[in-house]
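Understanding the architecture of this molecule
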Amino acid sequence: EVAGVPRRELRLLLDLRELLGPERLGDLCACAAGGEGRLELSLIKRPPEQAMWLEVVASDGRQLAQAPEELKVDPEIVEAAVRNNWTAFGCVP
């Protein structure tokens, strides 16, 4: 948790690029700073329901069928589901 917000609800962006996985922030900052010498970091909170469903479909893409309709068309959720199980794409309305 960061300031009482679960980690799964947080997104860290360097300029317009979301930092995912094992990327080292220090390495990315060194590369980005090489140009202008200035960085723009943003910490954005995603909705709790979206964060929960991202975790669910990332571990079992077939669960996309159980997601609320508005989340079945969320590009991040669909991508996570299809990465886990390509047949999840059949659940997209």
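Residues numbered from 1 in each chain as written. Predicted model: local features only at pLDDT ≥ 70, side-chain atom pairs only at ≥ 80, totals over all residues. Heavy atoms only, no water.

Per the stated rule, a full pass over the model turns up nine salt bridges. Residue Glu18 pairs with Arg11 through a salt bridge whose shortest N-O separation is 2.9 Å. The residue Arg11 makes a salt bridge to Glu76 at a minimum N-O spacing of 3.8 Å. With Arg11 in strand 1 (residues 10-14) and Glu76 in helix 3 (residues 75-84), the pair connects residues that are 65 residues apart, well separated along the chain. Three or more residues are tied together by salt bridges with common partners; here these are Arg11, Glu18, Arg46 and Glu76. (Salt bridge = Lys/Arg side-chain N within 4 Å of Asp/Glu carboxyl O. Helix = DSSP H or I, 4+ residues; strand = E, 2+ residues; numbered from the N terminus.)

Okay, the nonpolar core next. If you look at the biggest cluster of nonpolar residues, it comprises 11 residues: Trp53, Leu54, Val57, Leu64, Ala67, Leu71, Ile77, Val78, Ala80, Ala81 and Ala88. Listed by contribution, the elements that provide at least two residues to this core are helix 2 (48-59) and helix 3. The element contributing the most residues to this core is helix 3, with four residues. When sequence neighbours within four positions are dropped, the list of residues in contact with Leu71 reads Glu49, Trp53, Leu64 and Ile77. (Core = buried A, V, L, I, M, F, W, Y, C linked by side-chain atoms within 4.5 Å. Buried < 20%, exposed > 50% of the residue type's maximum accessible area, 1.4 Å probe, protein only. Contact = heavy atoms within 4.5 Å.)

This part covers helix 3. Turning to helix 3, its buried residues number three or more, namely Ile77, Val78, Ala80 and Ala81. Looking down the long axis of helix 3, one finds its buried residues gathered within 165° of arc, a one-sided arrangement. Away from its buried face, by an angle of more than 90 degrees, helix 3 presents the exposed residues Pro75 and Arg83. Where helix 3 is buried, its residues touch helix 2. (Arc of directions from axis to C-beta.)

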